[in-house]
Amino acid sequence: MTGYRVARFVTTLAVCILVAGAAADATLDTVIAQRVTVSDKPVTDCVARARAALTSVLQSANETDPGSGEWVGVAQVSGSIAAAVVIECHPVDAGGYSASFTCSVQTPTYADTASGLCGKLTAAFNTAAAPATTQGGAL
Amino acid sequence: MSGRLQRFAGILFCALISTSAVAPASVDLATGIRHVVPTGTIADCDSKASAALGAYLQHVLSPTQDEWVGTGPKTEGIQSDTTSAGTIRCFAHAGGYVVTFTCSVEAPNNPYTATALCDDLLNNFEGQPQIPLATPTPPPSGCTTASLAGVWQSDNSKMTLTLDQDGELTDSDNVIGSWVLNGLNVKLTYYGYHNLTLSSDGKHMSGSGYSFTRKC
């Protein structure tokens with residue numbers, strides 16, 4: 001019985017050390033995803049898709065300045081921001097727009113990698129149905 | 001003690017260790033810098049973007065056309081955890097270009113903010129004076145009551161303990177343990193738990209049958 005208790009204590013201690021050690025070694029993982037270029041839609045389409053993608057993946061979407069076309073989303077873990085992403089919508093001179101993605105996550109606190117998160121955002125952006133009403137987006 | 005109570009105590013113990021060992025870090029993001037250059041080429045923008053990132057970060061690369069990313073801190077030959085990153089993007093626009101800056105840092109593990117990094121990247125890009133970024137605070141050294149880091153010699157034997165800044169200790173036989181300092185109260189985890197008291201000059205600690213003097 002005593003041996004069992006010692007084994008359980010050692011196991012608990014090992015798990016604690018692993019948990020504490022893993023969190024203490026947190027590091028910042030940042031990537032930029034492949035730029036999406038659309039030639040036949042206005043930048044307002046990009047803005048709507050950016051907002052929809054951020055809401056879908058992170059449940060968080062805010063434009064840094066009204067009309068800037070720059071949208072930010074964050075994810076919190078235990079009250080701290082563990083992931084932050086930016087989608088930038090820019091009109092293209094030849095027509096259409098480009099959308100750029102930046103993803104930063106704190107590993108291992110956040111469950112996904114920056115690359116994985118940006119991949120989900122890009123996929124959500126590409127499949128998002130643009131709402132009927134859109135806003136902003138000019139340079 | 002019942003099984004449930006033991007489990008609860010174990011979970012509580014684990015939570016206390018975890019929360020005391022880990023500072024609640026978070027991602028600090030800076031966006032919104034959008035600089036319009038009326039005349040210039042994208043190649044010029046790319047060149048300046050790469051140089052600006054290289055001045056403050058390392059591993060600068062362009063994974064997609066006209067988009068640049070670098071990570072930091074900028075260290076020379078030292079492998080360290082990544083705690084900062086900056087991206088610069090160039091967009092052709094009406095005979096010139098638009099350049100945007102995004103920065104992220106891990107707070108408080110990084111000594112400067114994301115905004116400070118992005119401001120300096122912009123100033124470097126424009127060839128303007130830059131404000132030096134904050135550097136990490138050097139860890140306390142010598143005999144101090146702020147930390148137990150250092151080499152401790154047993155007063156009763158030849159044993160020495162080396163305590164590091166991260167709360168870990170190693171003895172002369174490479175047996176490891178840990179330490180926590182709260183005021184002058186010392187908790188050593190080393191062949192069990194031991195409560196010791198640190199002297200007011202930070203040079204001695206004793207208790208639980210142990211007595212050590214720090215080499216400083």
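**Q** Even after reading the chapter, I still don't get the sheet that holds strand β2 (residues 58-64) of chain B, so can you show me in this structure?
**A** Either a parallel or an antiparallel arrangement is found when strands of a sheet pair, and the pairing is made through backbone hydrogen bonds. All names here are of chain B. Here five strands make up an open sheet; going across it, the order is β1-β5-β4-β3-β2 and the pairing antiparallel. Looking at which strands have only one partner, the edges of the open sheet turn out to be β1 (26-37) and β2. The sheet shows a mean angle of 15° between the axes of neighbouring strands, direction not considered. By the bridge criterion, six bridges tie strand β3 (residues 67-72) to strand β4 (residues 84-93) in an arrangement that is antiparallel. By the bridge assignment for β4, Gly70 is matched with Gly86. Sitting on the sheet, helix α3 (residues 114-126) touches β1, β4 and β5 (96-107), and the angle it makes with β5 is about 150°.

**Q** I keep staring at the confidence of the model for chain A and nothing clicks. Help me out?
**A** Low pLDDT marks regions whose predicted coordinates should not be analysed in detail. All names here are of chain A. A residue-level look at chain A finds 74% of positions with pLDDT of 70 or above and a mean pLDDT of 82. Of all the helices and strands in chain A, helix α1 (residues 2-24) carries the lowest mean pLDDT, 46, while helix α3 (residues 114-127) carries the highest, 97. Low pLDDT, under 50, characterises residues 132-139; the stretch is placed with 25 contacts to residues that sit more than four places away or in other chains.

**Q** It is not clear to me how the environment of Gln34 of chain A should be interpreted in this structure. Could you clarify?
**A** By the secondary structure assignment, Gln34 of chain A is in the loop between β1 (27-32) and β2 (36-38). Given 14 C-beta atoms within 10 Å, Gln34 of chain A falls into the partly exposed group.

**Q** Is there a simple way to think about the nonpolar core in this case?
**A** Generally speaking, nonpolar side chains in soluble globular proteins are found buried as a group. Of all hydrophobic cores here, the largest spans 66 residues; its most connected members are Ala50, Val85, Ile87, Cys103 and Leu121 of chain A together with Leu121 of chain B. In terms of residue count, the dominant contributor to this core is helix α2 (residues 43-58) of chain A (nine residues). Once residues within four sequence positions are removed from consideration, Leu121 of chain B is found in contact with Ala52, Leu53, Tyr56, Gly86, Ile88, Phe101 and Cys103 of chain B. Counting 13 residues, the second largest nonpolar core, distinct from the first, contains Ala149, Leu161, Leu188 and Leu196 of chain B.

**Q** Please clarify how the packing of α2 of chain A against α3 of chain A should be interpreted in this entry.
**A** When two helices pack together, their arrangement is given by the angle between their axes and by how far apart the axes lie. All names here are of chain A. Running from N to C, α2 and α3 cross one another at 130°; their axes reach a closest spacing of 8 Å. Regarding the angle of α2 to α3, the classification is oblique. Seen from above, α2 lies across α3 with right-handed handedness. Contacts between α2 and α3 involve Arg49, Ala50, Ala53, Ser56 and Val57 on the former and, on the latter, Lys120, Leu121, Ala124 and Phe125. Of the residues assigned to the contact of α2 with α3, the class counts are six nonpolar, one polar and two charged.

**Q** Looking at this model, I keep getting lost on the sheet that holds strand β9 (residues 176-182) of chain B. Mind explaining?
**A** All names here are of chain B. In space, the eight strands of this closed barrel follow the order β6-β7-β8-β9-β10-β11-β12-β13, with antiparallel pairing throughout. Within the sheet, the average angular offset between the axes of one strand and its neighbour, ignoring direction, is 30°. Alignment of strand β8 (residues 168-171) against β9, held across three bridges, turns out to be antiparallel. Among the inter-strand pairings, Thr170 is bridged to a residue of β9, identified as Ile176.

Conventions used here
- Residues numbered from 1 in each chain as written.
- Chains lettered and ligands numbered in written order.
- Predicted model: local features only at pLDDT ≥ 70, side-chain atom pairs only at ≥ 80, totals over all residues.
- Pairing = 2+ DSSP bridges.
- Helix = DSSP H or I, 4+ residues; strand = E, 2+ residues; numbered from the N terminus.
- Axes fitted to C-alpha atoms, helices over the stretch in contact; angles between N-to-C directions.
- Contact = placed C-beta atoms within 7 Å.
- pLDDT = per-residue confidence, 0-100.
- Buried ≥ 20, exposed ≤ 12 C-beta atoms within 10 Å, placed from the backbone.
- Core = buried A, V, L, I, M, F, W, Y, C linked by C-beta atoms within 7 Å.
- Parallel < 35°, antiparallel > 145°, perpendicular 65-115°, else oblique.
- Left-handed = near helix turned anticlockwise from the far one by under 90°.
- Nonpolar A, V, L, I, M, F, W, Y, C, P; charged D, E, K, R; others polar.

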